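Structural overview for review
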Amino acid sequence: MDRMNEVSKTKTKFLVTSSLFAALVCLTTAYILHIPVGANGGYVHIGDSFIYLAAAILPTPYAMICAAIGAGMADLVSSAAIWLIPTIIIKPILVLFISSNSEKIITKRNIIGSFIAGFVGWFLYMIAGGIISGTFVGAFVLSLVGFVQPIGSFIVFLLIGGTFDKLEINKKF
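We now turn to the structure provided with this report. (Residues numbered from 1 in each chain as written. Predicted model: local features only at pLDDT ≥ 70, side-chain atom pairs only at ≥ 80, totals over all residues. Heavy atoms only, no water.)

What to know about the pattern of salt bridges
Side chains that differ in sign of charge can pair as their charged atoms come close. Summed over the entire model, instances satisfying the criterion amount to 1 salt bridge. As a salt-bridge pair, D48 and K91 come within 2.6 Å of each other at their nearest N and O atoms. Taken together, the residues D48 in helix 2 (residues 48–57) and K91 in helix 4 (residues 84–95) connect sequence positions 43 residues apart. Pair check on accessibility: D48 and K91 agree, each one buried. (Salt bridge = Lys/Arg side-chain N within 4 Å of Asp/Glu carboxyl O. Helix = DSSP H or I, 4+ residues; strand = E, 2+ residues; numbered from the N terminus. Buried < 20%, exposed > 50% of the residue type's maximum accessible area, 1.4 Å probe, protein only.)

Some remarks on helix 7 (residues 148–166)
With 19 residues, helix 7 extends 27 Å from end C-alpha to end C-alpha; this agrees with the ideal 27 Å at 1.5 Å per step. For helix 7, the full list of buried residues reads Q149, P150, S153, F154, V156, F157, G161 and D165. At the C-terminal side of helix 7, E168 shows a positive phi close to 55°. (Expected span 1.5 Å × (residues − 1).)

Details of the packing of aromatic side chains
Inspection of the entire model under this criterion finds 5 aromatic pairs. Aromatic side chains F119 and W122 sit 5.5 Å apart centroid to centroid with 40° between the ring planes, which places their arrangement in the tilted category. Placement of the pair is F119 and W122 together in helix 5 (residues 108–133), with a separation of 3 residues, close to one helical turn. Assessed through its relative accessible area of 14%, W122 is described here as buried. (Phe/Tyr/Trp six-rings, centres within 6.5 Å; stacked < 30°, edge-to-face > 60°.)

Re the packing of helix 2 against helix 4
It is the contact of helix 2 with helix 4, at a shortest axis distance of 8 Å, that shows an interaxial angle of 50°. With respect to their mutual orientation, helix 2 and helix 4 come out oblique. Seen from above, helix 2 lies across helix 4 with right-handed handedness. Side by side, helix 2 and helix 4 meet where D48, I51, Y52 and A55 of the first sit next to K91, L94 and V95 of the second. In terms of residue class, the contact of helix 2 with helix 4 is built from 5 nonpolar, no polar and 2 charged. (Axes fitted to C-alpha atoms, helices over the stretch in contact; angles between N-to-C directions. Parallel < 35°, antiparallel > 145°, perpendicular 65-115°, else oblique. Left-handed = near helix turned anticlockwise from the far one by under 90°. Contact = heavy atoms within 4.5 Å. Nonpolar A, V, L, I, M, F, W, Y, C, P; charged D, E, K, R; others polar.)

Here's the deal with the environment of K11
Structurally, the position occupied by K11 is in helix 1 (residues 2–30). With relative accessibility at 48%, the residue K11 sits in the partly exposed group. Note: C-alpha distance between K11 and I90 (79 residues apart in sequence) is 25 Å.

What to know about unusual backbone geometry
Outside of glycine, negative phi angles account for most residues, and trans bonds account for most peptide bonds. At S79, a position not held by glycine, the phi torsion is positive, near 60°. In this fold, S79 is placed in the loop between helix 3 (60–77) and helix 4. Non-glycine residue E168 carries a positive phi angle of around 55°. With respect to the secondary-structure elements, E168 resides in the segment after helix 7. Residue classification places E168 among the partly exposed residues on the basis of a relative accessible area of 43%.

Overview of a nonpolar patch on the surface
A cluster of nonpolar side chains, contributed by L27, Y31, I32, L33, I65, I69, M73, L76 and V77, occupies part of the molecular surface with about 850 Å² of accessible area. Examining the composition of the nonpolar patch, we find that 5 residues originate from one element, helix 3, more than from any other. Tracing the backbone through its elements, the reader meets L76 in helix 3. On the basis of relative accessibility, which here comes to 47%, the residue L76 falls in the partly exposed class. (Patch = residues over 30% accessible without salt bridge, like charges linked within 9 Å, V, L, I, M, F, W, Y side chains within 5 Å. Areas by Shrake-Rupley, 256 points an atom, 1.4 Å probe, with all protein chains shown as cover.)

Laid out in structure tokens, this is it:
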């Protein structure tokens, strides 16, 4: 019976933490350093940094769900609903490049993974922008401005992840 209680507590901890990260992703994507770009409701933000943090702390399925829900909600509340479908497909993919299999958040793998995730996200949103706008040339030009987003999210991930490592947050999971 104790084993079942322990499993239940662990699942509850993951669900609560996932919900917190989904809220942080939504908040930082929709409102904090939210810079509108282009005519299709697109914007630049630092919300991906919290997706990377979730991926470095939570098991992959939980991190993928909080990425989709948090970023999708941000699109809905920030008048960018046209991006909802691409967002709930693309944001969970970013999680796959980062690992939670370490006591540290900032590891060599996660630094490289967050860099790759930023590039992949940028590329996939460029493709989605071309589909939405009907012109891939215009989407590419606009995506050059949007390349600031993965760079900003990468820097914020390193700063917050480094702080979390000093506080030994990952050891609690």
